[in-house]
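Topology and contacts: notes
Residues per chain are reported as follows:
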Amino acid sequence: MTTTEELQTLVLTTLDSKGSIENTKEFKASDGKEVDQLVLLGALKSLVDKEMVEYDTIEDEIWVLTDEGDEIVDKGSHEANVFEAIPAGDEGLSIPELQKLLGNAAKIGQGKAFKNKWITKKGDNLIRAVNSIIDQTRIDLDIICSTGKHSDPNVIADLKRRRLCDKHKIISYSVTKGPKFSLTIEKQARDITFEMLQSGEWKKANFKKYNFDALGIPPSGGHLHPLMKIREELRQIFFEMGFEEMPTNRFVESSFWNFDALFQPQQHPARDAHDTFFIKDPAVGTQFPTDYLERVKKVHSVGGYGSTGYGYDWKIEEAQKLLLRTHTTAVSSFMLYNLAQKEFKPVKYFSIDRVFRNETVDATHLAEFHQVEGVIADKGLTLGDLIGFMETFYEKMGIKNLRFKPAYNPYTEPSMEIFSYHEGLGKWVEIGNSGMFRPEMLEPMGLDPEIRVIAWGLGLERPAMIKYGLENIRELLGHKVNLTMIENNPICAFDLI
Ligand SMILES: N[C@@H](Cc1ccccc1)C(=O)O
């Protein structure tokens, strides 16, 4: 193998002594072997960049032998072999014997030998018809093998048809001196350095040309955060189960949709600033459906729809307070109110997005996290439907063996916390909260009393932490997150949890 540098020296010295190179095909490397024209092209191109040489491409065709052609040059044509196999004289050779001697080649060779009138038949045997033969095929192939050409196009055509030779394109180059021809190759500078600027050398330096065709370093693509991968997987589960995604782009919500619409009393401890981030500026929202607002006020203060209500003095000021939504159930209440304004059709809604709580931040809690929420509205739904849906939903996440424990939410009755036994942790862990929305919430919206709405919610961070083996939530969110962890984690697969 000749290196680029060796080839460049060869080109330059040849140009120096001969003035020009007609065809680089004639080049022989230092070891006497042929020069690879592709390697040569690389060497020429870098000399062209430096304007030391100029070159033109020469395209030529040569004929090369196929493996079978090579074999004939070696051992003679099939027809000649047939002739040779048959002994001189009247005795000859039987066809089966010939086959035994030459195998497959006997058949092909026999036909050709008959055609050439080299052999004939006597009884069942083949005998020679001439004393000696000239194996023209072998001679023709030999010429092609050594020169790459043949003067008779008919011969070439015949040999090609017989798949004994094939046309190859070869590329070589003619080279002449360029304007900056020299025998020494100056090293070209790639970058301007501090030293070059200081010494003024940059003014005289010979810079390597920009290569605008270079592909450059491929930029590495963006990566989904592990939480977003899990979110994506959960979205797919919901879509598979026929759910529609709710719009969750309103992080700032009014207390009305976040609490009041959900029959959560105004003195409820969760509404306290300890648990809720209230917005200072603007502090209030005033756009509410008036009739509905009146009905909500009524159901809280004096009851209705078969309920006694809470019996307190409901205040609009409290409902107007803006906050960062504390749960995505705020979105569900807004969506259910909208559903009640149209002719009823059963719906399945879901959402996965951020919520905010003014909690003490520790290894497993942040002041913001993601909630997954599913809501199904239809006539005559039962607690059995809720349990059934839950089992299917969690099973798709790879979680089986659920346990349900009675719980309390102001807006659901009955309410159930969902637990699953975690093999890795060796204990039952709470994996969600659920329930059937109360009539005090649904009927003021205008929904028919026969319509039941079942719903459940869960956090996104806990399954993510278990899945990615993280013990501190700050390794999942915030400035302590390891970016390589984000890049390297595969798209989550729940059956691995
Ligand atoms: N909103 C509840 C979850 C939930 C949603 C729907 C029904 C019941 C409960 C929470 O924040 O925990």
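Let us look at the structure shown here. Numbering of residues starts from 1 in every chain and runs along the sequence as written. Residues qualify for local features only when their pLDDT is at least 70, as the model is predicted, and side-chain atom pairs are given and counted only at 80 or more; totals for whole chains, interfaces and linings, by contrast, use all residues. As a rule here, side-chain values cover all heavy atoms of the structure and leave hydrogens and water aside.

Turning to the packing of helix 4 (residues 78–85) against helix 5 (residues 95–102), a few remarks are in order. Every axis in this analysis is a line fitted to C-alpha atoms, fitted for helices over the stretch in contact. Angles between the N-to-C directions lie between 0 and 180 degrees. The numbering of helices and of strands both runs from the N terminus, where a helix is a DSSP run of H or I of at least 4 residues and a strand a run of E of at least 2. Where helix 4 meets helix 5, the axes come as close as 11 Å, and the angle between the chain directions of the two elements is 120 degrees. The orientation of helix 4 with respect to helix 5, classified from their angle, is oblique. Along this stretch, helix 4 crosses helix 5, giving a crossing that reads as right-handed. Between helix 4 and helix 5, the residues in contact are N81, V82 and A85 and L98, L101 and L102, respectively. Per-class residue counts for the contact of helix 4 with helix 5 are five nonpolar, one polar and no charged. These descriptions rest on fixed angle ranges, namely under 35 degrees for roughly parallel, over 145 for roughly antiparallel, 65 to 115 for roughly perpendicular, and the rest for oblique. Left-handed is the label given to a crossing in which the near helix is rotated counterclockwise from the far helix by less than a right angle, and right-handed is the label when the rotation is clockwise. Whether two residues touch is decided by their heavy atoms; if any such pair falls within 4.5 Å, the residues are in contact. Note on residue categories: nonpolar means Ala, Val, Leu, Ile, Met, Phe, Trp, Tyr, Cys or Pro, charged means Asp, Glu, Lys or Arg, and polar means any other residue, Gly included.

Once that is clear, we can look at the site of the ligand. What surrounds the ligand is a group of 13 residues, the closest being H327, T329, R357, Q371 and Y411. Taken by itself the ligand offers 330 Å² of open surface, and the protein chains cover 91% of this. For the shell around the ligand, the residue count by class is three nonpolar, eight polar and two charged. Throughout this document, a residue counts as near a molecule or strand when at least one of its heavy atoms sits within 4 Å of that molecule or strand. Each accessible area value is a Shrake-Rupley result obtained with a 1.4 Å probe; residue values ignore everything except the protein chains displayed when judging cover.

A few words now on the packing of aromatic side chains. In this analysis, rings of Phe, Tyr and Trp, with Trp reduced to its six-membered ring, are considered paired at centre separations within 6.5 Å, and the interplanar angle assigns stacked below 30 degrees, edge-to-face beyond 60, and tilted for intermediate values. Under the definition given, this model contains 24 aromatic pairs. On the numbers, 5.7 Å between centres and 35 degrees between planes, the contact of Y210 with F212 is tilted. The pair formed by Y210 and F212 is uniform in burial state, with each residue classed as exposed. Where F243 meets F389, the ring centres are 6.2 Å apart and the plane angle is 90 degrees; that geometry is what we call edge-to-face. Linking F243 in the loop between helix 10 (226–240) and strand 7 (244–245) with F389 in helix 15 (residues 383–396), this pair joins segments that are 146 residues apart in sequence. Linked through ring pairs, F238, F239, F243, F350, F389, F393, Y394 and W456 together constitute an aromatic cluster. For each residue, the accessible area found with a 1.4 Å probe, counting protein chains only, is set against the maximum for its type, and the residue is called buried under 20%, exposed over 50%, and partly exposed in between.

This part is about the sheet that holds strand 1 (residues 20–21). Spatial strand order, 1-6-2: three strands in an open sheet with antiparallel pairing. The open sheet has two edge strands, strand 1 and strand 2 (53–65), and neither has a second partner. Of the strand pairs in this sheet, strand 1 and strand 6 (residues 165–177) are connected by two bridges, and their pairing is antiparallel. Counted as the bridge partner of I21 is V175 from strand 6. Helix 8 (residues 153–161) rests against strand 2 and strand 6 of the sheet, and its axis sits at about 120 degrees to strand 6. By definition, two strands form a pair when at least two bridges between them are found by DSSP.

This brings us to the nonpolar core. Counting residues in each nonpolar core, the largest one holds 39 residues, and the members touching the most others are L234, V372, F393, Y394, M397 and W456. Here this core takes five residues from helix 10, the largest share from any one element. For V372, the contacting residues outside a window of four places in its chain are L234, F238, S351, I352, F393, W456, G457, L458 and L460. Counting 31 residues, the second-largest nonpolar core is a separate cluster that includes L262, Y337, A377 and M445. In this text, buried Ala, Val, Leu, Ile, Met, Phe, Trp, Tyr and Cys residues form a nonpolar core when linked through side-chain atoms within 4.5 Å.

With that settled, the discussion passes to helix 10. What a helix is expected to span follows from its residue count: subtract one and scale by 1.5 Å. If you check helix 10, its first and last C-alpha atoms are 21 Å apart, about what 15 residues at 1.5 Å a residue would give, namely 21 Å. Those residues of helix 10 lying buried are P226, L227, K229, I230, E233, L234, I237 and F238. Those residues of helix 10 hidden inside the fold are in contact with strand 10 (347–356), strand 11 (368–379), helix 15, strand 15 (451–459), helix 17 (461–468) and helix 18 (483–488). G242 lies just past helix 10 and shows a positive phi near 85 degrees.

On to a nonpolar patch on the surface. The grouping of I134, I139 and I143 at the surface amounts to a nonpolar patch, some 260 Å² of accessible area in total. As for its position among the elements, I134 is in the loop between strand 5 (125–128) and helix 7 (136–147). Relative accessible area serves as the criterion here: at 59%, I134 is assigned to the exposed category. The patches reported here contain residues having more than 30% relative accessible area and no salt bridge. Joining distances are 9 Å for like charges and 5 Å for nonpolar side chains (Val, Leu, Ile, Met, Phe, Trp, Tyr). We count a salt bridge whenever a side-chain nitrogen from Lys or Arg sits within 4 Å of a carboxyl oxygen from Asp or Glu.

By the bridge criterion, two bridges tie strand 3 (residues 93–94) to strand 5 in an arrangement that is antiparallel. The residue of strand 5 that forms the bridge with S94 is N125. Inspection of the sheet shows strand 4 (residues 119–122) paired to strand 5 by four bridges, in the antiparallel sense. Opposite T120, over in strand 5, you have I127 as the bridge partner.

Throughout the structure, instances matching the rule amount to 21 salt bridges. Among the ionic pairs, D60 bridges to K25, the shortest N-O distance being 3.4 Å. Of this pair, D60 sits in strand 2 while K25 sits in the loop between strand 1 and helix 2 (37–49), placing them 35 residues apart in sequence. A relative accessible area of 23% means that D60 is categorised as partly exposed.

Attention now moves to a negative patch on the surface. Counting rule applied: Lys, Arg positive; Asp, Glu negative; His and chain ends not counted. Note that the charge is assigned to NZ on lysines, CZ on arginines, CG on aspartates and CD on glutamates. Together, D67, E68, D70, E71 and D74 give the surface a local cluster of negative charge. Of the residues examined, D67 reaches a relative accessible area of 67% and is grouped as exposed.

Below, the discussion takes up the sheet that holds strand 5. Spatial strand order, 3-5-4: three strands in an open sheet with antiparallel pairing. With partners counted over all chains shown, the strands left at the sheet margins are strand 3 and strand 4, one partner each.

Turning our attention to the packing of helix 10 against helix 17. One way to put it is that helix 10 packs onto helix 17 with a least axis distance of 10 Å and a crossing angle of 110 degrees. Classified by the interaxial angle, the pair formed by helix 10 and helix 17 is roughly perpendicular. When you trace helix 10 past helix 17, the crossing you get is right-handed. Here helix 10 contributes P226, L227, K229 and I230 to the contact with helix 17, which in turn contributes E461, P463, A464, K467 and Y468. In terms of residue class, the contact of helix 10 with helix 17 is built from six nonpolar, no polar and three charged.

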